[in-house]
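# An overview of the molecular structure
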Amino acid sequence: MKRIVIIMSLFVFVVACSVQNDDVGVGGIRVADGKIKSPQWLVSQIDSIADIYNRNPNTGERIYSTIVSLVEHKGNEYIHIADVLSSHSINGNLYFTISGVPIEQESNLYTDLPRENNRRVLWTPWGN
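Thresholds, definitions, all that
- Residue positions are given per chain, counting from 1 as you read along its sequence in written order.
- Local features in a predicted model are, by the rule used here, given only for residues with pLDDT of at least 70; side-chain atom pairs are given and counted only at 80 or more, and totals for whole chains, interfaces and linings are based on all residues.
- For the side-chain quantities, the full set of heavy atoms in the structure was used; hydrogens and water were omitted.
- Throughout this description, the term salt bridge denotes a Lys or Arg side-chain nitrogen within 4 Å of a carboxyl oxygen of Asp or Glu.
- Only protein chains enter the calculation, and the probe is 1.4 Å; a residue is then buried if its accessible area is under 20% of its type maximum, exposed if over 50%, and partly exposed in between.
- Helix numbering and strand numbering both begin at the N terminus, where a helix is a DSSP run of H or I of at least 4 residues and a strand a DSSP run of E of at least 2.
- Here, a strand pair is defined by DSSP locating no fewer than two bridges between the strands.
- Asp and Glu count as negative and Lys and Arg as positive, but His and the ends of the chain are not part of the count.
- Each polar contact in these results corresponds to two N or O atoms within 3.5 Å; when the atoms are within protein, one needs to be able to donate a hydrogen and the other to accept it, and residues that are neighboring in sequence are counted only if both atoms are side-chain atoms.
- Contact criterion: two residues are considered in contact whenever any of their non-hydrogen atoms come within 4.5 Å of each other.
- Note on aromatic contacts: the rings of Phe and Tyr and the six-membered ring of Trp form a pair at centre separations within 6.5 Å, being stacked when their planes are under 30 degrees apart, edge-to-face when over 60 apart, and tilted otherwise.

## Examining the pattern of salt bridges
- Evaluation of the coordinates by the stated rule reveals four salt bridges.
- Asp51 is the salt-bridge partner of Arg55, the closest N and O atoms lying 3.3 Å from each other.
- Between Arg115 and Asp112 there is a salt bridge whose closest N-O contact spans 3.9 Å.
- What makes Arg115 exposed here is its relative accessible area of 60%.
- Where salt bridges share partners, they join Asp47, Asp51, Arg55 and Arg62 into one cluster.

## Digging into the pairing of strand S3 (residues 66–73)
- For S3, the tally of buried residues reaches seven of eight residues, placing the bulk of the element in the interior.
- Relative to strand S4 (residues 76–83), S3 runs antiparallel, the two sharing eight bridges. Residue pairing across strands places Val68 opposite Ile81, the latter belonging to S4.
- Following S3, the chain reverses through two residues before pairing antiparallel with S4; Lys74 in that reversal takes a positive phi of roughly 50 degrees.
- Alignment of S3 against strand S6 (residues 119–123), held across four bridges, turns out to be antiparallel. Of the residues in S6, the one forming a bridge with Leu70 is Arg120.

## Description of the side chain of Asp83
- Along the chain, Asp83 falls in strand S4.
- Buried charge without a partner: Asp83 forms no salt bridge, and the closest opposite charge is Arg62, 12 Å away.
- For Asp83, the side chain forms a polar contact with the side chain of Ser65, separated by 2.6 Å.
- Among the polar contacts made by the side chain of Asp83, one reaches the main-chain amide nitrogen of Leu85 at a distance of 3.1 Å.
- Excluding anything up to four places from it in sequence, Asp83 contacts Ile49, Tyr53, Ser65, Thr66 and Gly92.

## Remarks on the packing of aromatic side chains
- Counted by the stated rule, this structure contains three aromatic pairs.
- With a centroid separation of 6.2 Å and 85 degrees between ring planes, the pair formed by Tyr64 and Trp123 is classed as edge-to-face. Taken together, the residues span a long stretch of sequence, with Tyr64 in the loop between helix H2 (40–50) and S3 and Trp123 in strand S6 at a distance of 59 residues.
- Look at Tyr64 and you get partly exposed, because its relative accessible area is 23%.
- With a centroid separation of 5.4 Å and an interplanar angle of 85 degrees, the aromatic rings of Tyr95 and Tyr110 are classed as edge-to-face. With Tyr95 in strand S5 (residues 93–97) and Tyr110 in helix H4 (residues 108–112), the pair connects residues that are 15 residues apart, well separated along the chain.
- On the basis of relative accessibility, which here comes to 9%, the residue Tyr110 falls in the buried class.

## Regarding the environment of Ile29
- Within the fold, Ile29 resides in the loop between helix H1 (2–18) and strand S1 (30–32).
- Given a relative accessible area of 3%, Ile29 falls into the buried group.
- Taking the C-alpha atoms as reference, Ile29 lies 9.0 Å from Ile98; in sequence the two are 69 residues apart.

Shown next as structure tokens:
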């Protein structure tokens, strides 16, 4: 378990140092002012994960803990949402089609997607 926490921490650090939060334009995903603006299904999913955690006590704003990536697998693109604060890897890793259809965790596709090296980070709440 410690190994997973260390790996996720390193992943977050590397991503935070290398991602720019500009308009992305992949699969209809639009990022502006450091936040995902569309599609609505993705905004809602990220907000629902943030709602699991306590809000900022000073401002009342959500505290975001997700990394959104584009994963290419066998000629198709998928969205990966990783919740870096989740202590349960299954609950912390969600996969969707570009149109927002969830990939079932019991499926072979869900098993294959984390192994895919062809991926690109689209958004983090930390930016540059």
